[in-house]
Structures are given as C-alpha cells and as structure tokens.
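Residue-level structural notes
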Amino acid sequence: MLDSCKNAQERWGGVHQLIDRWLAERQQLILNYRQLRERPEPGTQADSELTAFCDILVDYVSAGHFEIYEQLLREAQDFDDQRGIELAHRVYPRIETITLQAVGFNDQYGQNAHADDEAAMQAQLQQLGGMLHERFELEDCLIEVLHNAHKDLLSAV
C-alpha cells in the first residue's frame, strides 16, 4: 500500500496543493495503519496509536468528500470532461460505501480509544485496510483521468 502511495505522489504531486496535502495525509494514514497492525499487545501506548489512526482516518475521508472530490468534479465540469464526470459517477458510490465503513470503525474505536477485544479490532482493522487500499486505487484513477485530460487542454491554450 505504501509503495503505491509514493507512486501517486510522484505522478500527481504538483497538480494541486490540496491534492498534495491529501496524498501526504494518505501516507500518514498508511503509516498509522501499519503501526496499529504491528503492535505487539494493547496498552496505554496502543490506545494512543488507535486514537491517532482514527483521527487521521476521519480527517482523510472527510477531506476526500468535502474538498478533493468536489474540486475534481468541478474541474471536470469546467473542462467539459465527460469521461471524468462519468468515471466520478461510477466510482463515488463505492468510495461512499468505504467511507461509511471507515466512519463506523471510528465510531466504534475512536471515541473510547480502547479496544476491549484486540482480536476483533484487529480483524475489523484488517478488513478496513483492504477497503482503504481499494479506495486509494479508485482515487488514484480519478486523479489520473482528470489530471491527464486537463493537462492536455491547458497545454493547448
């Protein structure tokens, strides 16, 4: 997961400062996820790891929905990019489903910052990790399609 994140930053890092910050936040989310998955046993430090993960998880998915996706869709509309608009309409419902899973994980573990059942939390975390990986791929696809279309239009001007 982390390698694909670095690749995304290399490919689109200069597109827009908002996307730059979001991709950096994604990288931190992945690092926090790994740290939480690899922890030896729960305890005080583990509780702070869980809190940190949930905090950045909510920040990341919120930024996607309330900043990034709106910006990408607006750009597609501004450039009359029907391919990008169609892709967005196909991809957003799946991203929304994954967002609901992320918010559900936060609702269960974020406020209390304590996993009473470590095995159950780890199982849910692993499932969420797979969903986040899928989400990152969908987001990268959106960014690539919209960026490439707009880059060509801007260079023609």
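Quick look at the structure, then. Note that this is a predicted model, so its numbers are computed, not measured. (Residues numbered from 1 in each chain as written. Predicted model: local features only at pLDDT ≥ 70, side-chain atom pairs only at ≥ 80, totals over all residues. Heavy atoms only, no water.)

Before going further, it helps to spend a moment on the side chain of Arg39. Mapped onto the secondary structure, Arg39 falls in the loop between helix 2 (17–37) and helix 3 (44–78). Relative accessible area serves as the criterion here: at 10%, Arg39 is assigned to the buried category. Among the polar contacts listed, one links the side chain of Arg39 to the side chain of Glu118, at a separation of 2.3 Å. (Helix = DSSP H or I, 4+ residues; strand = E, 2+ residues; numbered from the N terminus. Buried < 20%, exposed > 50% of the residue type's maximum accessible area, 1.4 Å probe, protein only. Polar contact = N/O pair within 3.5 Å; in protein donor to acceptor, adjacent residues only side chain to side chain.)

Inspection of every chain in the model, using the stated rule, returns five salt bridges. Residue Arg26 is joined to Asp140 by a salt bridge in which the shortest nitrogen-to-oxygen separation is 3.0 Å. On the criterion of sequence distance, the pair formed by Arg26 in helix 2 and Asp140 in helix 5 (residues 118–156) is long-range, its members being 114 residues apart. Take Arg26: its relative accessible area is 1%, and that puts it in the buried class. A salt bridge links Glu134 to Arg94; its shortest N-O distance comes to 2.8 Å. Residue Glu134 is located in helix 5, and its partner Arg94 is located in helix 4 (residues 82–109); the two are separated by 40 residues in the primary sequence. Through salt bridges with shared partners, a single network forms among Arg26, Arg135, Glu139 and Asp140. (Salt bridge = Lys/Arg side-chain N within 4 Å of Asp/Glu carboxyl O.)

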